[in-house]
Structure formats: structure tokens, C-alpha cells
Amino acid sequence: DGGITQSPKYLFRKEGQNVTLSCEQNLNHDAMYWYRQDPGQGLRLIYYSQIVNDFQKGDIAEGYSVSREKKESFPLTVTSAQKNPTAFYLCASSTQRGNTEAFFGQGTRLTVV
Amino acid sequence: QQQVKQSPQSLIVQKGGISIINCAYENTAFDYFPWYQQFPGKGPALLIAIRPDVSEKKEGRFTISFNKSAKQFSLHIMDSQPGDSATYFCAASYGQNFVFGPGTRLSVLP
């Protein structure tokens, strides 16, 4: 089955640590996205990538970094510079053509301990 | 211009009633309008979507109404069921650019 796989489902980070969230898709989509969702809130765009080896900052990129070395993979690193990283992180992908929707993974819940 | 406004923020409906969620946009470049349903702890899942050349689209109990001149669109859930209790997001897109509304938390009482 085609889809987007995020791992792990739950992640705990100590203060000052960097952690990396995985996102893999087998939909052959060109574009991939990372969103942050806080409790009871909407989706805020962190980073997006429209093609391999290229990515752009979204609305809340500070304290995060990404890479796009393969079409299928778009990992997100939450660095120690992100002061309030506890949130639900969602990865999505879409095709390059218009009139299309974004498909989401099941999310990773990151908690700082 | 990139904003999508969504209302209400929360909605409580009796079982069997009609749930209505409204969205509005400004950017006329948007050419696709999907709705997503999200259950707690899960990723949003596509529910139904519409293009601006269509005024209404129905899939089962879910209907999107689209008013291009007013730049508004809405989701109607007929015969609402407790299992429909979730957060609903409208979205607008052009190309690979997506803008999401802030979400509506729907509770359907049994």
C-alpha cells in the first residue's frame, strides 16, 4: 500500500538534545512538508521541499533543520535551539501537478523530559 | 491573502443533526479546496475535495458547497453521528502550496 510513514510514533527528548523524526513516502510524490500541531491548534508549516536537494523554510523554521537527499525521505531534526519542541509533528506529501491534495502521515508526538 | 478563515472554532451537534463548517479565502490563485478529518493522535485524512468550477460536491453524508464569487466554501455533514466527532480542517491550494484553516472541533452528542 502506498502511503507516508512517520517514525517513531512517540519520542522523548532531554533538554539540550537534538532529535530526528523520520518521514518516508512511497507515493512517488515530489513535494514533502513538515507541520507542527500544538494541542487544539491548527497546522503550522515548518519546512517544505518541492524537489530533491532543495527545501524552503516555512512559517516556524527556527530551531529545526531538514534534508532531502532522496525523493522518498524528508527527515526533520529538532535542534536544541528549539525552545519549546513539545508538539505533534506531521509529515505530508503531494504531487507536483495542480488540483491535488496533501497526504499526511500518522504523526510523531515529541515530548521534552 | 494567504489566509484561510474557518468557523466555528467548535461545534456541538445532536446525533442526526446537520453539521456546517464554513471557510473563506482571499487569494484567487487557489484552485483546489480539500477538507480533512483528524481524530485525536492521528494524522489528518482527506475527506472530500472540490475544484472552483464546481458549485457542489457530495460524497455520502458529506457535501461541499462552493461559492466562487464570495470566495467561500462550506462542509455539510448530514445525519451527523458520534463517530464523526473529530477536528475538521479546510484547505486551499495552488500547485504545491497549501494553506489550512485553523480547524473546527466537532462533537456529536449521542
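Cut-off values and rules
- Residues numbered from 1 in each chain as written.
- Chains lettered and ligands numbered in written order.
- Predicted model: local features only at pLDDT ≥ 70, side-chain atom pairs only at ≥ 80, totals over all residues.
- Heavy atoms only, no water.
- Pairing = 2+ DSSP bridges.
- Helix = DSSP H or I, 4+ residues; strand = E, 2+ residues; numbered from the N terminus.
- Axes fitted to C-alpha atoms, helices over the stretch in contact; angles between N-to-C directions.
- Salt bridge = Lys/Arg side-chain N within 4 Å of Asp/Glu carboxyl O.
- Buried < 20%, exposed > 50% of the residue type's maximum accessible area, 1.4 Å probe, protein only.
- Contact = heavy atoms within 4.5 Å.

Residue and element names in this part refer to chain B. The strand order β1-β3-β8-β7-β6 describes an open sheet built from 5 strands, whose pairing is antiparallel. Only two strands of the sheet have a single neighbouring strand rather than two, namely β1 (4-7) and β6 (56-59). The mean inter-strand angle of the sheet, taken between neighbouring strand axes irrespective of direction, is 15 degrees. In the sheet, β1 pairs with strand β3 (residues 19-25) via 4 bridges, with the strands oriented antiparallel. By the bridge assignment for β3, Gln-6 is matched with Cys-23.

On to the pattern of salt bridges, then. Residue and element names in this part refer to chain A. Within this structure, the stated rule accounts for 7 salt bridges over all chains. Of the charged contacts in the structure, one is a salt bridge between Asp-38 and Arg-44, with a shortest N-O distance of 2.7 Å. Overall, the relative accessible area of 16% leaves Asp-38 in the buried class. For Arg-44, a relative accessible area of 39% translates into the label partly exposed. A cluster of three or more residues bridged by salt bridges with shared partners is formed by Arg-36, Asp-38 and Arg-44.

Our next topic: the environment of Ile-46 of chain A. All names here are of chain A. Relative to the helices and strands, Ile-46 resides in strand β5 (residues 43-51). Residue class for Ile-46 comes out buried when judged on its relative accessible area of 0%. Sequence-wise, Ile-46 and Pro-85 are 39 residues apart; in three dimensions their C-alpha atoms are separated by 12 Å. Beyond its immediate stretch of four places on either side in the chain, Ile-46 contacts Trp-34, Tyr-35, Arg-36, Lys-57, Gly-58, Ile-60, Ala-61, Tyr-64, Leu-76 and Tyr-89.

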